[in-house]
Amino acid sequence: MPFMRSLLTHAYNWHVNRLDATVPIGRYVDGWGRPGDTALLAIDSGHRVGAGWFRLFREAAPGYGFVDALTPEVTIVVVPSRQGEGIGQLLLTGLVERAQADAYRALSVSVEPHEVELYEALGFEQLSQNGQAVTMRRMFS
């Protein structure tokens, strides 16, 4: 939990910096262990280099990429010194596999426009754009 919490500023700082602080970023980890909470860690030579997780949100307390109360929202964060090495893609692939195994019908995410192609390559489709935030969803068969 402390590692995931420490990554939150890297994951959502772009929302907060754009004065779009409508979602308290602690919402992504506070009370961890609720039904549906799922996390993967990326570890290299004994060091944590990234984390990916998904969590269900309620309509009354949504995340940035909220679609509905049955669609978990994904967060992927790689420590800055290790970005660009494919770690985030591995984490996302693992979360997609886990969501399918857990019988979810979809995953959602909120990304910056320059990240859209990365998520589209893994089957996510754009649902909406609000300023610099693009909400995407990947449906499962």
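Definitions and cut-offs
Residues numbered from 1 in each chain as written. Predicted model: local features only at pLDDT ≥ 70, side-chain atom pairs only at ≥ 80, totals over all residues. Heavy atoms only, no water. Core = buried A, V, L, I, M, F, W, Y, C linked by side-chain atoms within 4.5 Å. Buried < 20%, exposed > 50% of the residue type's maximum accessible area, 1.4 Å probe, protein only. Helix = DSSP H or I, 4+ residues; strand = E, 2+ residues; numbered from the N terminus. Contact = heavy atoms within 4.5 Å. Pairing = 2+ DSSP bridges. Salt bridge = Lys/Arg side-chain N within 4 Å of Asp/Glu carboxyl O. Phe/Tyr/Trp six-rings, centres within 6.5 Å; stacked < 30°, edge-to-face > 60°.

(A) Structural view of the nonpolar core. Grouped together as the largest cluster of nonpolar side chains are 37 residues, with contacts concentrated most on Trp-53, Val-74, Leu-92, Leu-107, Tyr-119, Phe-124 and Met-136. Mapped by element, the contributors of at least two residues to this core are α1 (2-17), β2 (47-55), β3 (73-78), α2 (87-101), β4 (106-111), α3 (116-120) and β6 (133-139). It is α2 that provides the largest number of residues to this core, a total of six residues. Residues contacting Phe-124, with those up to four places away along its chain left out, are Leu-92, Val-96, Leu-107, Ser-108, Val-109, Tyr-119, Met-136, Arg-137 and Arg-138.

(B) Quick peek at the pairing of β3. For β3, the buried fraction is high: six of the six residues fall into the buried class. Here β3 shows a buried face lined by Glu-73, Thr-75 and Val-77 and a second buried face lined by Val-74, Ile-76 and Val-78. The sheet contact formed by β2 and β3 spans six bridges and is antiparallel. Bridge assignment links Gly-52 to a residue of β3, and that residue is Ile-76.

(C) Expanded view of the environment of Glu-125. With respect to the secondary-structure elements, Glu-125 resides in strand β5 (residues 125-130). You can call Glu-125 exposed: its relative accessible area is 55%. C-alpha of Glu-125 to C-alpha of Ile-76: the two residues are 49 residues apart in sequence and 17 Å apart in space. In contact with Glu-125, not counting residues within four places along its chain, are Thr-135, Met-136 and Arg-137.

(D) Structural view of unusual backbone geometry. Here the phi dihedral of Ser-45 falls at roughly 55°; this positive angle occurs in a residue that is not glycine. Within the element layout of this structure, Ser-45 appears in the loop between β1 (38-44) and β2. With a phi angle near 65°, Ala-103 is a residue other than glycine that sits in the positive phi range. Position of Ala-103 among the secondary structure elements: in the loop between α2 and β4.

(E) Spatial organisation of the pattern of salt bridges. Per the stated rule, a full pass over the model turns up five salt bridges. Across the pair Arg-105 and Asp-68 runs a salt bridge whose closest N-O atoms are separated by 2.4 Å. Residue Arg-105 is located in the loop between α2 and β4, and its partner Asp-68 is located in the loop between β2 and β3; the two are separated by 37 residues in the primary sequence. Of the residues examined, Arg-105 reaches a relative accessible area of 36% and is grouped as partly exposed. Asp-68 gets classed as buried once you look at its relative accessible area, which sits at 18%. The residue Arg-82 makes a salt bridge to Glu-85 at a minimum N-O spacing of 2.8 Å. Among the charged side chains, a salt-bridge network with shared partners connects Asp-44, Arg-82 and Glu-85.

(F) Representation of the packing of aromatic side chains. Counted under the stated rule, the structure contains three aromatic pairs. Aromatic side chains Tyr-119 and Phe-124 sit 5.4 Å apart centroid to centroid with 85° between the ring planes, which places their arrangement in the edge-to-face category. Residue Tyr-119 shares its accessibility class with Phe-124, and that shared class is buried.

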